Amino acid sequence: MRLGAEPLALHGGPPVRATLLPYGRHEIDDDDVAAVVETLRSGWITTGPKVAELEAAVAQATGAAHAVAFNSGTAALHGAAFAAGLGPGDEAITTPITFCATANCVVYQGATPVFADVAEDTLNIDVAEVARRITDRTKAILAVDFSGHPADLQPLIDLATARGLLLVEDACHAIGATYRGRPVGGLSHMTVFSFHPVKHITTGEGGMVTTNDARLAEKLRLFRNHGIDVEAHRRQSSAAWRYDMVALGFNYRLSDIGCALGVSQLRKLPANLARRRALADRYTAALAALDGVRPPMVKPDVESAWHLYVIRLELEKLRGGRDEVLAALRAENIGVNVHYIPVHRLTYYRERFGYQGGELPVAESAHETLLTLPLFHGMADADADDVLCALEKVVRHFRR
Ligand SMILES: *Cc1c(COP(=O)(O)O)cnc(C)c1O
């Protein structure tokens, strides 16, 4: 039987897969379980040695001088916004093609996020658009390594340096990515990672900020611990009871339980990245022959960490929109998704900051074409082939 001749599952035909393939999934193995159990029995379940061990391991893996753990990527972003000195009246320029937490951290600090449009090819923030939006109030640029593909870091660093701004890099998708041969994490003024289960490595919930600046690292440590100037274990070891609170911080501490899991997971990051690359290559090779979709582009001077595999639908060649294609693929049990609804189109941002649509044309029109295919390191080649089979079936159905 000719592939694609069967009716779509959406129309009552048999689905390509019997069970749903999610777009992302974590992997926990016996080593991870043993590491957590050991910490549970160790007597230190928070602010203990595993926190320092994970921080040192992430600093080493990313080439950064300092790493400060937080209990989510969002808390880590908030810490970075604090350390960057953002406050009421300040502006930070960021991208609309991201998870809302990237912009929210600016709002948490009472500052204003200013969205700059993205480049059509990578969907990363467009440096020329950033430059156009710098004002006397701008304090920081908040770039995102969308899908795991590093942003244009050197031009952004040059721009930030020339204008006296800090570059914060949201690398929640990009642990293990490289830019011009160097790992992300030691390149921007601050780099933020997430250890949510859908990301490359997990601590249950968790995050990290890396930096080469000791003063920023100190501010980050203060902020995650109520603004108090010493950490609990240091107080305990010196038996001092006195403490001072010097800024308004939060309890954003990551537990030793989570960090033990993170240390164990980080050991497997190289294999995880290699597997994601192999799956991405498999997709890209097959999609070259499928008219109606465009595989993601990778610039020659980067290695993507492949958190997401985001294709673009060539809507002019199709009879349906992205939403119809997505629904048809879901019916085939392929857990496709959309990353992202542009942040300035979300109700809170529309109402609070007055965005009406049309302000960021590249991001807005790209959004209509975006489709994220399943990609995670535990995926089998046969799973990827199911995705390709379903995509071919559905795209053929919709092709003009
Ligand atoms: C996951 C993610 C975050 C938030 O991380 P959490 O650990 O879930 O708080 C922020 N920014 C981006 C781009 C993300 O993908």
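Right above here is the structure, for reference.
Computed from a predicted model, the values in this text were never measured in an experiment. (Residues numbered from 1 in each chain as written. Predicted model: local features only at pLDDT ≥ 70, side-chain atom pairs only at ≥ 80, totals over all residues. Heavy atoms only, no water.)

### Side note on the state of the cysteines
According to the stated counting rule, one finds 0 disulfides in the structure shown. We note that Cys105 lacks a disulfide partner, and the nearest cysteine sulfur, in Cys172, lies 9.8 Å from it. On the basis of relative accessibility, which here comes to 2%, the residue Cys105 falls in the buried class. Between Cys259, a cysteine without a disulfide, and Cys172, which holds the nearest cysteine sulfur, the sulfur-to-sulfur distance is 16 Å. Here Cys259 falls in the buried class, since its relative accessible area comes to 0%. (Disulfide = S-S within 2.5 Å. Buried < 20%, exposed > 50% of the residue type's maximum accessible area, 1.4 Å probe, protein only.)

### Digging into the packing of helix 11 (residues 322–331) against helix 14 (residues 381–398)
Here helix 11 crosses helix 14 at 140°, and the two axes come no closer than 10 Å. Here helix 11 lies oblique to helix 14, going by the angle between them. You can see that helix 11 and helix 14 cross each other, and the crossing is right-handed. On the side of helix 11, the interface is formed by Glu324, Val325, Ala328 and Leu329, while helix 14 contributes Ala390, Leu391, Val394 and Phe398. Its residues placed into classes, the contact of helix 11 with helix 14 shows 7 nonpolar, no polar and 1 charged. (Axes fitted to C-alpha atoms, helices over the stretch in contact; angles between N-to-C directions. Helix = DSSP H or I, 4+ residues; strand = E, 2+ residues; numbered from the N terminus. Parallel < 35°, antiparallel > 145°, perpendicular 65-115°, else oblique. Left-handed = near helix turned anticlockwise from the far one by under 90°. Contact = heavy atoms within 4.5 Å. Nonpolar A, V, L, I, M, F, W, Y, C, P; charged D, E, K, R; others polar.)

### Some thoughts on the sheet that holds strand 12 (residues 309–313)
Spatially, 3 strands are ordered 10-12-13 in an open sheet, and the strand pairing comes out antiparallel. Bordering the open sheet on either side are strand 10 (293–294) and strand 13 (370–373), each of which pairs with just one other strand. Contacting strand 12 and strand 13, helix 11 runs over the sheet at an angle of about 20° to strand 13. (Pairing = 2+ DSSP bridges.)

### Some words on a nonpolar patch on the surface
A contiguous nonpolar patch, built from Ile28, Val33 and Val37 and spanning about 220 Å² of accessible area, is present on the exposed surface. Within the fold, Ile28 resides in the segment before helix 1 (30–40). Residue classification places Ile28 among the partly exposed residues on the basis of a relative accessible area of 43%. (Patch = residues over 30% accessible without salt bridge, like charges linked within 9 Å, V, L, I, M, F, W, Y side chains within 5 Å. Areas by Shrake-Rupley, 256 points an atom, 1.4 Å probe, with all protein chains shown as cover. Salt bridge = Lys/Arg side-chain N within 4 Å of Asp/Glu carboxyl O.)

### Regarding helix 2 (residues 49–62)
If you check helix 2, its first and last C-alpha atoms are 20 Å apart, about what 14 residues at 1.5 Å a residue would give, namely 20 Å. Summarising the contacts, the buried residues of helix 2 are in contact with strand 1 (66–70), strand 7 (182–183), strand 8 (190–194), strand 9 (207–211), helix 7 (214–223) and helix 9 (256–267). (Expected span 1.5 Å × (residues − 1).)

### Focus: the sheet that holds strand 6 (residues 178–179)
In space, the 3 strands of this open sheet follow the order 7-6-11, with antiparallel pairing throughout. Whereas interior strands pair on both sides, the edge strands pair on one side only; in this sheet they are strand 7 and strand 11 (302–303). Strand direction decides the pairing type here: strand 6 and strand 7, joined by 2 bridges, are antiparallel. In the strand pairing of strand 7, Tyr179 is matched with Arg182.

### A short note on the site of the ligand
Close to the ligand lie 16 residues, the nearest being Gly73, Thr74, Asp170, Ser194 and Lys199. Within the side chain of Ser194, one N or O atom sits 2.7 Å away from an oxygen atom of the ligand. Relative to its unbound accessible area of 370 Å², the ligand is 92% covered by the protein chains. Looking at the shell around the ligand, the elements with two or more residues in it are helix 3 (73–83) and helix 4 (101–108). A class-by-class count of the residues in the shell around the ligand yields 5 nonpolar, 9 polar and 2 charged. (Near = heavy atom within 4 Å. Polar contact = N/O pair within 3.5 Å; in protein donor to acceptor, adjacent residues only side chain to side chain.)

### Overview of the pairing of strand 9
Burial of strand 9 is extensive: 5 of the 5 residues sit out of reach of the surface. Of the two faces of strand 9, the one lined by Gly207, Val209 and Thr211 and the one lined by Met208 and Thr210 are each fully buried. Inspection of the sheet shows strand 1 paired to strand 9 by 5 bridges, in the antiparallel sense. Looking at strand 9, one finds that Ala67 is bridged to Thr210.

### Quick notes on the nonpolar core
Judged by nonpolar contacts, the single largest core of 42 residues is most densely connected at Leu54, Val130, Ile141, Leu156, Phe195 and Met208. Only helix 2, strand 1, helix 5 (127–133), strand 4 (138–144), helix 6 (153–163), helix 9 and helix 10 (269–287) provide two or more residues apiece to this core. Per-element accounting of this core gives the leading share, 5 residues, to helix 6. Each of domain 1 (9–26 + 269–398) and domain 2 (30–266) gives at least three residues to this core. If we skip the residues at most four places from it in the chain, Val130 touches Ile93, Ala116, Ile125, Ile141, Leu156 and Leu159. (Core = buried A, V, L, I, M, F, W, Y, C linked by side-chain atoms within 4.5 Å. Domains from an automatic or database assignment.)

Bear in mind that shape data such as this cannot, by itself, settle questions of function.
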